[in-house]
Amino acid sequence: MNRRTLLTAGAALPSAALPMPAAGLQKQMRITGIETDLLRMPPGEPNYDAIHKLGVDSGSVVLRIRTDAGITGWASTSFGMIAGGPRVVQTILEQEVKPVITGMDPSFPRKIRAELWKALEYHGVGGVAHFAVSAADIAVWDILGKAAGLPVWKMLGAFRDRMPVYSMCGWYYGNDGDLSRYKRSIETALGQGYHAIKIKVGRYSIGDDARRVRMALDLAGKGKRVLVDANQVFNRNEALRRGRVYQEMGCFWYEEPLAPHEMGGYTELAEKLDIRIATGENLYTKYQFADLIARKGADVVQPDNRRAGGVTEWMEIAAIADGYGLELASHGGGSVNMNMLLAMPNAIYMETGGPQKFVDGEVAAPEAPGMSTEVPAARIAKYKVG
Ligand SMILES: [Mg+2]
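Not measured: the values here are computed from a predicted model.

Visitor: It is not clear to me how the coordination of the magnesium ion should be interpreted in this structure. Could you clarify?
Guide: Ideal values differ by geometry: the angle at a metal is 109.5 degrees with four tetrahedral donors, but 90 or 180 degrees with six octahedral donors. In the first shell of the magnesium ion, the protein supplies Asp229 (OD), Glu255 (OE) and Glu281 (OE), at 2.0 to 2.3 Å from the metal. One chain supplies every donor for the magnesium ion, spaced along it as D-x25-E-x25-E. Of this pair, Glu255 sits in strand β10 (residues 253-255) while Glu281 sits in the loop between β11 (276-279) and α11 (285-294), and the two are 26 residues apart along the sequence. For Glu281, a relative accessible area of 7% corresponds to the buried category.

Given below as structure tokens:
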């Protein structure tokens, strides 16, 4: 069959034999408005990494985008510290994002992104404003998935339907000089079925780091991986010195040794160390990632969907990383990260914690149409402060 007959043959198929698009995507949709809820969590027991105290002052903002098709897109963005952060995001969503996207067709996420960047550039396409852009993009993808009747990972070009995960379990805790709480937390994660665990390093001395890494490796045993995360705490010299220790001990990756903007330092570490350098959770947009990647500053690229820019931008970052032969992991877990990771062949891990339904250390894909981002009404009612 030559090209002409092939084309003609396609056109001659009876229309009943062609797959019909889902009803919601057949006609143009319009965004009719948004609603937000501000949630504040009660203070819990703090845990620590090298530079942060988490869990005592946290909150989130929930976003619903309404459409004239009767479909509602959901997103929520959380802050593990700085309880005032969500209020700023809520204000940006209500006062700056809402007037831009109202009336737009949610089937055009890249157009929506362009319009939002244009509207928000005065305070910068980055920082807290980008949390709002990201939330809007995630809610838009939730609408598109629901309209198509598909989980979003199937719309993005699926690569797999199960994802390897690791548990972020080895924190610093108060009154834990003997590491008994640290040990219990790692044992719990391994008991839950994780094949990889992450621990925090860098808060105290190099000797203390070695003690924590040794304990984690011994508990994990053969065939399971230990990842270390320094949360930006070192300067270049210290980052290299400690990196050699983690490398010699057999850790799988070395995360965020330096401040995120210190790109030249990342290049130097990636050049001098064989252990994988992982970073990216504090970078905004593909432009910052492109800068890091072009400088050869990372082996594992870790965009955070809240900061990086939602689904649209995150997937572009993932593709740039793939084009450079780099591995990909999410910062954080949940259904948003799961939907995106499943579509990328270079994705190696989703970060998460707590009990999961495991098959061989992997977690199954969400099946519900959209992003699986709806927040239960009872949770909203319980924690809503604005
Ligand atoms: Mg980290």
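Visitor: Got a minute to help me understand the sheet that holds strand β1 (residues 31-40) in this structure?
Guide: As summarised here, the arrangement of the 3 strands in space is β1-β4-β5, forming an open sheet in which the pairing is antiparallel. A strand with exactly one partner marks an edge of an open sheet, and here the two such strands are β1 and β5 (72-79). Taken pair by pair, the neighbouring strands of this sheet meet at an average axis angle of 15°, ignoring direction. With 8 bridges joining them, strand β4 (residues 59-67) and β5 adopt antiparallel strand pairing. Paired with Ser60 across the strands is Ser78, a residue of β5. Packed on one face of the sheet, helix α3 (residues 85-101) meets β1, β4 and β5 and runs near 175° to β1. The strands touched by helix α5 (residues 127-148) within the sheet are β4 and β5, with β5 carrying the most contacts at an inclination of about 150°.

Visitor: Please clarify how the sheet that holds strand β2 (residues 47-48) should be interpreted in this entry.
Guide: The strands making up a sheet are joined through hydrogen bonds of the backbone, oriented either antiparallel or parallel. One open sheet holds the 3 strands; their spatial order is β3-β2-β7, and the pairing between them is antiparallel. In this open sheet, the two edge strands, each paired with only one partner strand, are β3 (53-54) and β7 (172-173). Inspection of the sheet shows β2 paired to β7 by 2 bridges, in the antiparallel sense. Bridging from a neighbouring strand, Tyr48 pairs with Tyr172 of β7.

Visitor: Explanation requested: α3 in the structure shown.
Guide: One full turn of an α-helix is made of 3.6 residues, so residues set three or four places apart face in the same direction. When the terminal C-alpha atoms of α3 are compared, their 22 Å separation across 17 residues agrees well with the 24 Å that a helix rising 1.5 Å per residue should span. Roughly 35° is the biggest bend found in α3, and it falls at Leu93. By the burial criterion, the buried members of α3 are Gly85, Pro86, Val89, Gln90, Ile92, Leu93, Val97 and Ile101. Its buried side turned inward, α3 meets β1, β4, β5, α4 (109-120) and α5. Phi for Gly103, located one or two positions after α3, is positive at around 95°.

Visitor: Explain the pattern of salt bridges here, please?
Guide: Where charged atoms from two side chains of opposite charge approach closely, those side chains can pair. Taken as a whole and judged by the stated rule, the model has 35 salt bridges. For Lys146, the salt bridge identified is with Glu374, shortest N-O distance 2.7 Å. A residue pair is termed long-range when its members are at least 10 positions apart, and Lys146 in helix α5 and Glu374 in the loop between β16 (362-364) and α15 (377-383) qualify at 228 residues. Between Lys198 and Glu255 there is a salt bridge, and its shortest N-O distance comes to 2.8 Å. Residue Lys198 is found in strand β8 (residues 196-200), and its partner Glu255 is found in strand β10; the two are separated by 57 residues along the sequence. Comparing Lys198 with Glu255 shows no difference in burial state: the two are buried. Salt bridges sharing common partners tie together Glu35, Asp37, Arg64, Arg66 and Lys384.

Calculation rules
Here, residues in each chain are numbered from 1, in the same order as that chain's written sequence. Local features in this predicted model are restricted to residues whose pLDDT is 70 or higher, and side-chain atom pairs enter the listing and the counts only when it is 80 or higher, whereas totals over whole chains, interfaces and linings include all residues. Side-chain metrics rest on all non-hydrogen atoms present in the structure, leaving aside hydrogens and water. A donor here means any N, O or S atom no more than 2.8 Å from the metal (3.2 Å for Na, K and Ca); water is not included, so a site may seem to lack partners. Strands here are runs of E lasting at least two residues and helices are runs of H or I lasting at least four, both read from the DSSP assignment and numbered beginning at the N terminus. When accessible area is computed with a 1.4 Å probe and restricted to protein chains, residues below 20% of their type maximum are described as buried, those above 50% as exposed, and intermediate ones as partly exposed. What makes two strands pair is DSSP finding at least two bridges between them. Only the contacting stretch of a helix is used when fitting its axis, a line to C-alpha atoms as for every element, and angles between N-to-C directions run 0 to 180 degrees. What makes two residues a contact is simply this: any of their non-hydrogen atoms within 4.5 Å. A helix is expected to reach a length of 1.5 Å times the quantity of its residues less one. In this analysis the local bend is the angle between axes fitted, respectively, to the seven residues ending at and the seven residues starting at the residue. For this analysis, a salt bridge means a side-chain nitrogen from Lys or Arg found within 4 Å of a carboxyl oxygen belonging to Asp or Glu.

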